[in-house]
Structures are given as C-alpha cells and as structure tokens.
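# Structural overview
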Amino acid sequence: MSDGNVLTLENISHAYGKTQVLEGVNIAVAPGEFMCLLGPSGCGKTTTLRLVAGLEELQAGRILINGEPVADARNHVPPERRGVGLVFQEAALFPHLSVLGNVTFGLAGMGRAEAQLRAREVLDQVGMADYGDAYPHVLSGGQQKRVALARALAPKPKLMLFDEPFAGLDAQLRSQIRDETLHLMKDSGTTILLVTHDPEEAMYLADRIAIIHEGRIAQVGAPVELYRQPTSAFVTSFFSSVNRLEGVVKGNAISTPFGPIAAGDLRDGAAVEVLIRPEAIRISRVGDENAGTEEGYRGHVITTRALRRGNFIHLCLGDFEDTHHHFHSRVPSRFVLKEGENISVRLDPDQTFVFPVEG
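In short, a report on the structure.

Analysis parameters
- Residues numbered from 1 in each chain as written.
- Predicted model: local features only at pLDDT ≥ 70, side-chain atom pairs only at ≥ 80, totals over all residues.
- Heavy atoms only, no water.
- Helix = DSSP H or I, 4+ residues; strand = E, 2+ residues; numbered from the N terminus.
- Contact = heavy atoms within 4.5 Å.
- Areas by Shrake-Rupley, 256 points an atom, 1.4 Å probe, with all protein chains shown as cover.
- Buried < 20%, exposed > 50% of the residue type's maximum accessible area, 1.4 Å probe, protein only.
- Pairing = 2+ DSSP bridges.
- Axes fitted to C-alpha atoms, helices over the stretch in contact; angles between N-to-C directions.
- 1 Å grid on protein atoms, 1.4 Å probe; cavity = no way out; pocket = protein on both sides within 12 Å on 5 of 7 lines; lining within 4 Å.
- Points joined across faces, edges and corners; volume = space filled by probe spheres on them.
- Nonpolar A, V, L, I, M, F, W, Y, C, P; charged D, E, K, R; others polar.

This part takes up the overall build of the protein chain. A count of helices and strands for the protein chain gives eight helices and 20 strands. Overall, the protein chain is about 75 × 45 × 35 Å in size when its C-alpha atoms are taken along their principal axes. Of the contacts formed within the protein chain by residues at least 6 apart in sequence, a portion of 64% connects residues at least 24 apart. A total accessible area of about 18100 Å² is found for the protein chain, and carbon and sulfur atoms account for 48% of it.

In structure tokens form, the structure reads like this:
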C-alpha cells in the first residue's frame, strides 16, 4: 500500500568494506517536494543518491518509489526501470552527438518524430531551443548544464536526482542557473532530491533539508526551522560561522561576557557550549540615543570588513574572568564602525544556542 510519498528510504545502512557510510537513514519525499541532502564531504550524501538511483546495490533497509519497492536486501530494480532522472556534477554529454541527439538519447521508447518533439520542448524550457544542432564542445559550462537538465527531464521522470549539479560554475552563473532550475522544477511539479554541501544553496532551493552527519540523519526540517531551531551544535555551526564559548550550568544559567544565558532544561554542573551567531551580537555606539534604553556590555572594534551581506565586525569584549574575548558580529552595510571605536553590545537570545559538550 502506498504511503503517499514519491520516495521513501526505510532504515538504510551501507558500508564499503569495513567503513560504515550510512546507518539507519530514514527519509520521505512528498510529491512535488524539493528535498536537499546536506552535509560535509564524506558524510554519505552521494552514496544515498546512488542507492536511490540504483547505481549501488542496497545492503540493508528498503527503498520505495511511488510506494513500490525498488531495493531491499534481496531485490534490486535496475536504474533504467526506476523512472528516475539523474543530473551529476559533470554534464557528461556525449561529444559525438548534437544537443538534440543528447536529449533524445534517453527516449528510445518513442518514435523519432515524437522524441524530437519532446526534446525540443524541454530544450525550450531550459533556454536552449536555438542550440539543437550544436555539439557539446562549443557550449559553455552553463549551457552544458542546461542540456544535461533537459536530457534528464525529457523522459518525464517520477523523481529527479541531482548530485552537486551547479559545481564548477562561477558564482554569478551558479546563482542564475540555480534560480532557473528552481522555477523550472516548481512549474513542472517534479519531485527533487538534491545533494549539496553548500548550506546557502540548500536553504535557497529546498522545501525541506535533511542534514547528514557521519552517515546518520542529524535533523530534518524546513530551512527556517533548521536555522532557528537547531537540535545540535553540529547543525547550528553548519549553517553559519558561530562565536563559541564553553561554560558550566549554575543556577539554570551559564555565565558569559554578555551576562547570564539561560540553560534551558540542562542540569546544574553540566559542561556546555554556547553558540552565538554573528547576527545575534547587536552593536551600538556608546551614547547612541537610538540604541534603546538597555546599555549592554562595553567593548571596542578591532576591525571592520565589508562583505556582500553587510559589514563583518571583529570586536573585543572584556574583561570577563580576567580575559579579553574576541567575537564576530554581522551588521547592516549602512552601519560603519571604525577601528578602535567604543561600542555597546547586546545579545539576541533567539540566535544564541546552548548544547551539552559532546562526549
């Protein structure tokens, strides 16, 4: 009986020799959903994708596509019978075939005229309608990616699998093709499973993200949920740089240079780490009438760096327990601070997270 999902992974485990790559992975992808597998290199993302595609034989667990088992410990449906489209890091176009020939290659079950009609339709969707007679070697990297996407879409797959599909493109082109792909997939209603190690890419594209850490699912949720409500230090720090402090819970709080921070339900005496996002550190000039009534804690600016999304401030806050502490803050571009300038600092508790010290 179908569970209503296009893709279901049930308790997937996989090893290469003595190296355990995946352990107890459970993922469900709903119809039309854009799901990202996110994690560092070597965490098991690509292995998961290859198991879904049928490029690796499953060792333990079960994989279902549209409610039908395609892999378990005894059965293995070959890739060409899974109704899955694949787009890899490399476009992997056939150099001896034209663009049109590359796209029609996977449409062997259609008549020639029908296959060419379908190929031209998807080439038009990806903005490559005028390149049907061109050969891969004359195309730019971005154009080759578009053709590879068209080739994967042409058979109208139930499920599209992407493995770092925008790798190798410069930042501007990467952003453009990523945006085009998102709109194309949403317009077509195609179900997507995409692998990436780039948190920003996952947050931009995904309806939901499954974070993999050392072969296990660390957390699954919508991008805003993972960013605002991480369940571990790993998930918190994977989405952005963090200021990190260590401490001990005393009286349901941790003593920090920013004052006491609530420890939630952690017991007194527990060793903890406090993770503070740069945007959580709110800065105002000392004596600034617009800063609010709460003065905050005093510090000074070490240096300021202008970045694309605002100014990145290196600041010093001290003395706390006879130590000067170096922190990073991110502020709007219009707020310019000079080296050595005295500042008042407050902390946004919604962007501050406390976890037990691992191990």
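Burial of strand β8 (residues 191-196) is extensive: six of the six residues sit out of reach of the surface. Every second residue of β8 is oriented toward a common face, with T191, L193 and V195 on one face and I192, L194 and T196 on the other, all of them buried. Judged from the five bridges that link them, strand β3 (residues 34-38) and β8 form a sheet pairing that is parallel. Note on β8: the bridge partner recorded for C36 is L194. Bridging between strand β7 (residues 159-163) and β8 involves five bridges; their strand directions are parallel. Note that in β8 the partner of L161 across the bridge is L193.

Let us look at unusual backbone geometry. For N11, which is not glycine, the phi torsion reads 50° and is therefore positive. Take N11: it is sitting in strand β1 (residues 7-16). In this structure, K156 takes a positive phi of about 55° despite not being glycine. Tracing the chain through its elements places K156 in the loop between α4 (141-153) and β7. You can call K156 exposed: its relative accessible area is 61%.

Reading across the sheet, the six strands line up as β6-β7-β8-β3-β9-β10 and stay open at both edges, with mixed pairing between neighbours. Whereas interior strands pair on both sides, the edge strands pair on one side only; in this sheet they are β6 (84-87) and β10 (216-221). Adjacent strand axes in the sheet meet at a mean angle of 20°, parallel and antiparallel pairs treated alike. Across the sheet, α4 is in contact with β6 and β7; its angle to β6 comes to roughly 170°.

When you tally the buried positions in helix α1 (residues 45-53), you get seven out of nine residues, the bulk of the element. K45, T47, T48, L49, L51, V52 and A53 are the residues of α1 that are buried. Once α1 ends, the next one or two residues include G54, with phi positive near 90°.

There is about 530 Å³ of room inside the largest pocket. Taken together, 21 residues line the largest pocket, and the ones lying closest to its centre are V84, G85, L86, G106 and P155. For the lining of the largest pocket, the elements supplying multiple residues, two or more each, are β6 and α4. Taken together, the residues of the lining of the largest pocket break down into 15 nonpolar, three polar and three charged. Of the volumes computed, that of the second largest pocket is approximately 350 Å³. Every residue lining the second largest pocket is counted, 14 residues in all, and those nearest its centre are E200, F239, S240, R309 and R330. Looking at the lining of the second largest pocket, the elements with two or more residues in it are α6 (199-205) and α8 (233-239).

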